[in-house]
Amino acid sequence: MNSDHFSIIGGGIAGLATAIAVAKTGRTVVIYERSARFEPVGAGLQLGPNAVLALKRLGAWDVVEPFTFSPPAIHIRDGQTGKLLKELNLGKKFEVRFGQPYRVALRADLHEALIKVASTFSHIKIHMNQEVSMADWRGSGPVIGADGVWSPSRENLFPDSAAIISTDNIYRSLGPIHSVSGVNMECVNLWLYPGGHVVHYPVGRDGKLNLVAITQGKPPLEHFADAETSLVRLLQKVPSWTNWPAAFVRPLGSWSSGPHALLVGDAAHATLPYLAQGAAMALEDAALLLEILQSESNAEVAFQKVYMSRSQRTSRLHAASLRAGKIYHLGSFAAKARNAAIQFIPSQLQLAQMAWVYNWANSD
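A short tour of the structure in this document, coming up.

Reading guide: rules and limits
- Residues numbered from 1 in each chain as written.
- Predicted model: local features only at pLDDT ≥ 70, side-chain atom pairs only at ≥ 80, totals over all residues.
- Heavy atoms only, no water.
- Helix = DSSP H or I, 4+ residues; strand = E, 2+ residues; numbered from the N terminus.
- Buried < 20%, exposed > 50% of the residue type's maximum accessible area, 1.4 Å probe, protein only.
- Contact = heavy atoms within 4.5 Å.
- Axes fitted to C-alpha atoms, helices over the stretch in contact; angles between N-to-C directions.
- Left-handed = near helix turned anticlockwise from the far one by under 90°.
- Core = buried A, V, L, I, M, F, W, Y, C linked by side-chain atoms within 4.5 Å.
- Parallel < 35°, antiparallel > 145°, perpendicular 65-115°, else oblique.
- Nonpolar A, V, L, I, M, F, W, Y, C, P; charged D, E, K, R; others polar.

On the secondary structure map, S7 appears in strand β1 (residues 5–9). Look at S7 and you get buried, because its relative accessible area is 1%. Setting aside anything within four residues of it in sequence, one finds S7 in contact with V30, Y32, W137, S140, P142, V143 and I144.

Right, dumping it as structure tokens:
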């Protein structure tokens, strides 16, 4: 099998980042994307220091950076009272501590930037409107499945690995920024509420608001009907929502099958989005694959090394994301105890609890 030519199923963020990684080692790459054309999908995403570093390792940060916004802080709020429980500053001290800045961006802008980077490599080809199955792969060289949480590639390789739908529903909107009394709209705002939570922050060069509401199935205005007035008024300004069930993939015992196939990104390790690390994990996968392929010519060995190097971290993140969702959604006396703990624990200690995520660069 020709290990100098790779094929990638899926042209999203994971697929493009992986293609760039492979191409940087001199190998040729073909991306097979089932859509007839790339459409703006999703709204905002958060790029923590680990994601920024991965983009730098891929040589993509200089193209991505102009599309990003630097929120001054993360504000954690009680959704029932509106009380600011904690401010986590994301300024210079944060950047010095973790080695890279914290940014937010439109998913479509990140995707467009990665397309621009990929287009600089003559040995990356993108075939649109091409639905390729890993089940009967007959292509030349190794193939990488980067086809998302509902990955046919994963289910082809591991038939019992279908994504699991959680009890949470994700509602998302992208629209004008409306000022809300007492709320700094430039920050990443996290509102904690029984059975759900709300996150919002500005994205894009035209300053739109990315707003995400998590509920147990009810529409946001119904679920958050008894929330603090500022939050209710903000939700009332949303003309329409897109929504889908939150889903995750249980940690797999392998991401590869034989000498020819590998899974990356959500196809390999999709989790609930409550630590805002989905895109970051895909970018980390690609950056590590780049590092491994620079010294390893055997694709099967390289794919095994990716799994061995990444599986413990992504499994830990999956468990932490599930735990975060439960903490965010506490009610009654448990919520009061949670809020007291958030207020009592110093900001620096709270950031230290995320160091294992953000310091990925310094721990590999």
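Remark: helix α2 (residues 49–57) packs on helix α10 (residues 278–293), axes separated minimally by 8 Å, with the N-to-C direction vectors making an angle of 35°. Taken as a pair, α2 and α10 cross one another with a handedness that is left-handed. Taken together, the residues of α10 that come into contact with α2 (itself represented by N50, A51, A54, L55 and R57) are A280, M281, L283, E284, A287, L290 and E291.

Our next topic: the nonpolar core. L47, L55 and L283 are the most contacted members of the largest nonpolar core, which totals 72 residues. It is α10 that contributes the most residues to this core, 11 residues altogether. Discounting residues that sit within four places of it in the chain, L283 has contacts with I13, A17, L47, A51, A54, L55 and L58. By size, the runner-up hydrophobic cluster in this structure holds 35 residues, among which are I74, V104, A320 and I342.

Our next topic: the environment of H269. Looking at where H269 falls in the secondary structure, it is placed in helix α9 (residues 266–269). The class for H269 is buried, based on a relative accessible area of 9%. C-alpha separation for the pair H269 and G331, spaced 62 residues apart in sequence, amounts to 29 Å. Apart from residues lying up to four places away in sequence, H269 is in contact with W255, M281, A282, D285 and T314.

The packing of two helices is summarised by the inter-axis angle and the distance between the axes. It is the contact of helix α1 (residues 13–23) with α10, at a shortest axis distance of 8 Å, that shows an interaxial angle of 15°. Between α1 and α10, the angle falls in the class roughly parallel. By crossing handedness, the relation of α1 to α10 is classed as right-handed. The segment α1 lies against α10, with I13, A14, A17, T18, A21 and V22 engaging A282, L283, A286, L289, L290 and L293. Within the contact of α1 with α10, the residues separate by chemical class into 11 nonpolar, 1 polar and no charged.

This next bit is on α2. Counting buried residues in α2 gives 7 out of 9 residues, a clear majority hidden from the surface. Along α2, the residues that are buried comprise P49, N50, A51, V52, L53, A54 and L55. Trailing α2 by a residue or two, G59 shows a phi angle of about 75°, which is positive.

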